[in-house]
Amino acid sequence: MKRYIVALLILIGALTASRAQDFYIPSFTNYSFSAGNFSQWEVIGIGNQTVTNDPNAEDGKSAWVREQQAGVLLKSPKFLVTNGVYVEARFYNPYGIDSCAFTVFYTNGTRTNVLYIRNTSYESFTFDLSAWQGKTIQVGFAGGQMQMDYLKILVPDHRVTIHPALEFIYETVPGRSYQLQGANDLNTFTAWTNYPPAVVATNGITKWMVSTLTAPQTYYRIKEL
Ligand SMILES: [Ca+2]
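Structure report, in brief. (Residues numbered from 1 in each chain as written. Predicted model: local features only at pLDDT ≥ 70, side-chain atom pairs only at ≥ 80, totals over all residues.)

**A short note on the overall build of the protein**
- Helices and strands together make up the secondary structure of the protein, namely 0 helices and 21 strands.
- Expressed as a percentage of its 225 residues, the buried residues of the protein come to 22%.
- In the protein, the proportion of contacts linking residues at least 24 apart, taken out of those at least 6 apart, comes to 76%. (Helix = DSSP H or I, 4+ residues; strand = E, 2+ residues; numbered from the N terminus. Buried ≥ 20, exposed ≤ 12 C-beta atoms within 10 Å, placed from the backbone. Contact = placed C-beta atoms within 7 Å.)

Laid out in structure tokens, this is it:
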């Protein structure tokens, strides 16, 4: 006679922990032009640029450049790109023309314009720097006509997630085989899925842990084989 005895069911809840946004270069404090000037930035080019009060900026300050002839480059401090480092930049082009870009500057003097912008109001963009991993670079802007709120150089927040799981503790008959199974819809009687392979009971109490992420089923049963 087959028996299905589930003695105890324990639900282990999901736990998610996170921490605030981490800046990769903590010393780069003027990433948002909050100092009211271009301190810590390397400014190249003789143009028309300044830092002003800006009610639309995240911190009330933004930088702008108005120099279409000679162009102006704004560069962050140099940094080595390690795994996961990325950039978030918020800026726009008041004239909506493709003359301005978020740019990666190589230390050998060359540069790559990663994104030309046409947005005429603030948007934030995220840039993956994995293509430059292991290299020392600067990031910044090339303009043109640009309004820049900030340029954040970030590392991923070290989010820890423990997925929800079910632990089945059930009574078995020693020497007999059992199979934990799951299904999503009992009404349609679709095939039960096995989680994990069947086991032969060696004593009266057996435990099974199932991740509800890898085994996202609505129903579970312990089947004696
Ligand atoms: Ca700002």
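Having seen the model, we can carry on.
**Details of the nonpolar core**
- By size, the foremost hydrophobic cluster in this structure holds 32 residues, and its most contacted members are V87, F91, C100, V139, F141, M146 and L151.
- Those elements giving two or more residues to this core turn out to be β6 (61-66), β7 (72-75), β9 (86-92), β10 (101-106), β13 (136-143) and β14 (145-155).
- Excluding anything up to four places from it in sequence, F141 contacts L74, F91, C100, F102, T103, M146 and M148. (Core = buried A, V, L, I, M, F, W, Y, C linked by C-beta atoms within 7 Å.)

**Notes on unusual backbone geometry**
- Look at the link from G143 to G144: it is a cis peptide, with omega at 5 degrees.
- Assignment of secondary structure puts G144 in the loop between β13 and β14.
- Positive phi, close to 60 degrees, is recorded for F33, a residue that is not glycine.
- By the element assignment, F33 lies in the loop between β3 (22-23) and β4 (42-44).
- Its identity is not glycine, yet Q40 carries a phi of approximately 75 degrees, on the positive side.
- On the neighbour-count criterion, Q40 (16 C-beta atoms within 10 Å) is partly exposed.

**Quick notes on the environment of S27**
- Summarising the element assignment, S27 is placed in the loop between β3 and β4.
- When the C-alpha positions of S27 and P77 are compared, they lie 9.3 Å apart, and in sequence the two are 50 residues distant.

**Some words on the pairing of β10**
- Within β10, 5 of the 6 residues are buried, which leaves the element mostly enclosed by the surrounding structure.
- Both β10 and strand β11 (residues 111-116) contribute to a ladder of 5 bridges, which runs antiparallel. Counterpart to T103 in the pairing with β11 is N113.
- Connecting the antiparallel pair β10 and β11 is a turn made up of 4 residues, with G109 showing a positive phi of about 100 degrees. (Pairing = 2+ DSSP bridges.)

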